[in-house]
Structure formats: structure tokens, C-alpha cells
Amino acid sequence: MRICRVAVGDELFFGVLEGLDAQGEPGEGTVIALLEGHPFGEIVPDGRLVRFEDVRLVAPVLPSKVVAIGKNYLDHIREVGLGEAPPEPLMFLKPSTAVVGPGDPIELPWQSEHVEHEAELAIVIGRVCREVPRERVAEVILGYTCANDVTARDLQTRDGQWARAKGFDSFCPLGPWIETDFAWEDRAIRCTVNDELRQDGTTNDMLFDVATVVEAVSAVMTLLPGDVILTGSPSGTKPIKAGDSVTVRIDGIGSLTNPVVDRA
Ligand code: MG
């Protein structure tokens, strides 16, 4: 099932995509069944169908927090010069205000001369949980989506910690929807910028897998429905500039595209 959030007129609704084409992509016959309330717990359609082409997708979830895992792919640790592989999952936070949706602009801040894309698999939490043992992690995951952990690389190096470098408004594009039927293993993660393939990784290269990451994060902080955990970026992260179009694609989920602009 693919759960999205859409703007219909001035209102926002969760919905379920129906009538995807043979490739699992939205097509002419695709509609969205709007939901009553939220998709955490029982999913209840409200009876209305809207045509996919008549609505605008927004970020598929509004997290109370975005927890990100750093240094989770060895080739990325090496290319950025991040030192040794960590002995346990390295966590940092991105503010909820960094989240934007498909098609929303990534705004380059004046404080940085060097902003990079990081294509990542995002876990969407489905229920309140803490201290989740790895064998029960599947029970707390609603689904998965694509994320771009946009990073001001110069500020990351200069500051020594990452709140500023990772925390600007628009530095966490999410979408296009939440795929609930998704096995995370052996999935290609790609990032293209203006049709140039920049990142071409696989989830098999994660140092800490999904179960390990959720177990570790939930051992630190209570996770709430809609919270998002980013699982780290493979290599190939490179600078983006105003005018670029950045697409994160994960096989089995879909594509998340955002234009890049200078922050006004
Ligand atoms: Mg990252």
C-alpha cells in the first residue's frame, strides 16, 4: 500500500494510491482514496476518490522529529573523510521544520558555500514505542519513503557537530509516499542531478541495518507515530546549486524530485 498526503484545495488529507500502472507508477487511471484522519492504526477511507493528477502531493508525514544515522555506508565515510566507521549507530537530529515534500524547493542558505545531496532510505514509525528489541522492529514500522539528507558540508566540517549543517529549512525532502509493503534489503538507492547519475548505492551496504537502527534509536528516545529515521547515505554525494533538479530514487518505493533555489 502506498500512503500519501495531498493538498485538496486548502485542506490536507492522507490518502491511499490506487490504480498504479504495471511499473507501480502513477498513471492516467491513478486515484487517491482519501482517509479519515491519519494512517496510524486502522486505515479508514472516507469514501472520496480524487484523481492523482488533480492534487498536489505534500510530504507524506509530519514527524515530531527526524532522527538520522550518520556514517552508515563505508564508501561515504571515506569520500567525505569522516574518519573511522562508528562502533554503533551514530545519531543526530534534523528539525521537523526541515521537512518538505515532493516538488518543494531545496533552499540554499547564505551561510554555506557547499551544500550536498544525500540520498537515503527513510523509515516511518507507525506507533508509540521505546526500547524496541530488534525482533519486534517490524511491528513499529508503518513503511518507508525516500529522503534527501541535504547537508551544508562546509558547516558540517567547521562546526564539529551537525545541527546547523543538517538543520536548515528545506534540508529534509521526504516522499513521494510511504510504501508499506517493502523489504528494505538489496534495494538500489540512486540520486540524479539534472539527469546525471551521482549516487548509485544499495541498502545491502548499510553498516547497521534497519532492525539495528530502530532498536538503537528507540533505546534512546521514545518514537512517536510519524517519526522518521534516515538510514544514511551511500557514496557519490556532491554539491548542488541553484537551478539544479535533484531526484532520489529507491527501487520499490519511487522517486522524490526537488528543485534547488537560493534562499530568498
Ligand atoms: Mg546522511
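S.K.: Let's hear about the pairing of strand S16 (residues 196–202): which residues, and what values?
M.R.: Where strand S15 (residues 188–193) lies against S16, six bridges are found, and the strand directions are antiparallel. Paired with Ala-188 across the two strands is Thr-202, which belongs to S16. What sits between S15 and S16 in their antiparallel hairpin is a turn of two residues, with Asn-194 showing a positive phi close to 50°.

S.K.: Can you tell me about the coordination of the magnesium ion, naming the residues and giving the values?
M.R.: Taken together, Glu-118 (OE), Glu-120 (OE) and Asp-149 (OD) make up the full set of protein donors to the magnesium ion, lying 2.0 to 2.1 Å away. Linear spacing of the donor residues for the magnesium ion on their chain is E-x1-E-x28-D. Here the residue Glu-118 occupies a position in the loop between strand S10 (115–116) and strand S11 (119–125), and Asp-149 occupies one in the loop between strand S12 (141–148) and strand S13 (151–152), the gap between them amounting to 31 residues. On the accessibility criterion, Glu-118 (3% relative accessible area) is buried.

S.K.: A description of the sheet that holds S15 should follow, citing residues and the corresponding values.
M.R.: Ordered by their spatial adjacency, five strands build an open sheet running S9-S19-S18-S15-S16, and the pairing between neighbours is mixed. A strand with exactly one partner marks an edge of an open sheet, and here the two such strands are strand S9 (106–108) and S16. The average undirected angle you get between the axes of adjacent strands in this sheet is 20°.

S.K.: Break down the pairing of strand S2 (residues 11–18) for me, with residues and values.
M.R.: The sheet contact formed by strand S1 (residues 2–8) and S2 spans six bridges and is antiparallel. Considered in S2, the bridge of Ala-7 is made with Leu-12. Linking S1 to S2, which pair antiparallel, is a turn of two residues; within it Gly-9 sits at a positive phi near 60°. Relative to strand S3 (residues 31–35), S2 is paired through four bridges, and the arrangement is antiparallel. Following the sheet pairing, Glu-18 is matched in S3 by Val-31.

S.K.: Please provide a residue-by-residue account of the packing of aromatic side chains, values included.
M.R.: For any pair of aromatic rings, the description consists of the separation of the ring centres together with the inter-plane angle of the planes. This structure, assessed with the given rule, holds four aromatic pairs. Each ring, one from Phe-14 and one from Phe-40, has its centre 6.3 Å from the other, and the planes form 80°; the classification is edge-to-face. Separated by 26 residues along the polypeptide, Phe-14 in strand S2 and Phe-40 in the loop between S3 and strand S4 (45–51) bring together distant segments of the chain. Note on accessibility: Phe-14 and Phe-40 belong to one class, buried. Arg-5 extends its terminal NZ or CZ atom over the ring of Phe-14, reaching a point 5.8 Å from the ring centre.

S.K.: Any details on the domain arrangement of the protein? Residues and values, ideally.
M.R.: By domain assignment, the protein separates into domain 1 (2–57) and domain 2 (66–262). Relative to domain 2, the C-alpha centre of domain 1 lies at a distance of 24 Å. Facing eleven residues of domain 1, the contacting portion of domain 2 comprises 15 residues. When the two sides are added together, the surface that domain 1 and domain 2 hide from each other amounts to roughly 1,000 Å², 61% of it contributed by carbon and sulfur. On the domain 1 side of the interface with domain 2, the three residues burying the most area are Arg-2, Ile-3 and Phe-40, jointly 57% of the side's total. Counting the contacts that link domain 1 with domain 2 gives two salt bridges. With a closest N to O distance of 2.7 Å, Glu-179 and Arg-2 form a salt bridge. Inspection of the domain 1/domain 2 interface yields five residue pairs in polar contact (both at pLDDT 80 or more). Among the elements of the structure, S1 and strand S5 (56–58) are those that each provide at least two residues to the side of domain 1 that touches domain 2. Top contributing element to the side of domain 1 that touches domain 2 by residue count: S1, with three residues. The class makeup of the residues in the side of domain 1 that touches domain 2 is eight nonpolar, no polar and three charged.

S.K.: So what's going on with the side chain of Asn-72? Residues and values would help.
M.R.: With respect to the helices and strands, the residue Asn-72 is situated in the loop between strand S6 (66–70) and helix H1 (74–80). Residues in contact with Asn-72, not counting those within four places in the same chain, are Asp-205, Met-206, Leu-207, Phe-208, Val-213, Thr-231 and Gly-232.

S.K.: So what about the side chain of Asp-244? Which residues, and what values?
M.R.: Take Asp-244: it is sitting in the loop between strand S17 (228–230) and strand S18 (245–250). Assessed through its relative accessible area of 3%, Asp-244 is described here as buried. Reaching out from Asp-244, the side chain makes a polar contact with the side chain of Asn-194 at a distance of 2.8 Å. Within polar-contact distance, the side chain of Asp-244 engages the backbone nitrogen of Lys-241 at 2.8 Å.

Parameters and conventions
- Residues numbered from 1 in each chain as written.
- Predicted model: local features only at pLDDT ≥ 70, side-chain atom pairs only at ≥ 80, totals over all residues.
- Heavy atoms only, no water.
- Pairing = 2+ DSSP bridges.
- Helix = DSSP H or I, 4+ residues; strand = E, 2+ residues; numbered from the N terminus.
- Donors = N, O, S within 2.8 Å, 3.2 Å for Na, K, Ca; no water.
- Buried < 20%, exposed > 50% of the residue type's maximum accessible area, 1.4 Å probe, protein only.
- Axes fitted to C-alpha atoms, helices over the stretch in contact; angles between N-to-C directions.
- Phe/Tyr/Trp six-rings, centres within 6.5 Å; stacked < 30°, edge-to-face > 60°.
- Lys NZ or Arg CZ within 6 Å of the ring centre and 35° of its normal.
- Domains from an automatic or database assignment.
- Contact = heavy atoms within 4.5 Å.
- Buried area = accessible area lost by both parts, 1.4 Å probe.
- Salt bridge = Lys/Arg side-chain N within 4 Å of Asp/Glu carboxyl O.
- Polar contact = N/O pair within 3.5 Å; in protein donor to acceptor, adjacent residues only side chain to side chain.
- Nonpolar A, V, L, I, M, F, W, Y, C, P; charged D, E, K, R; others polar.

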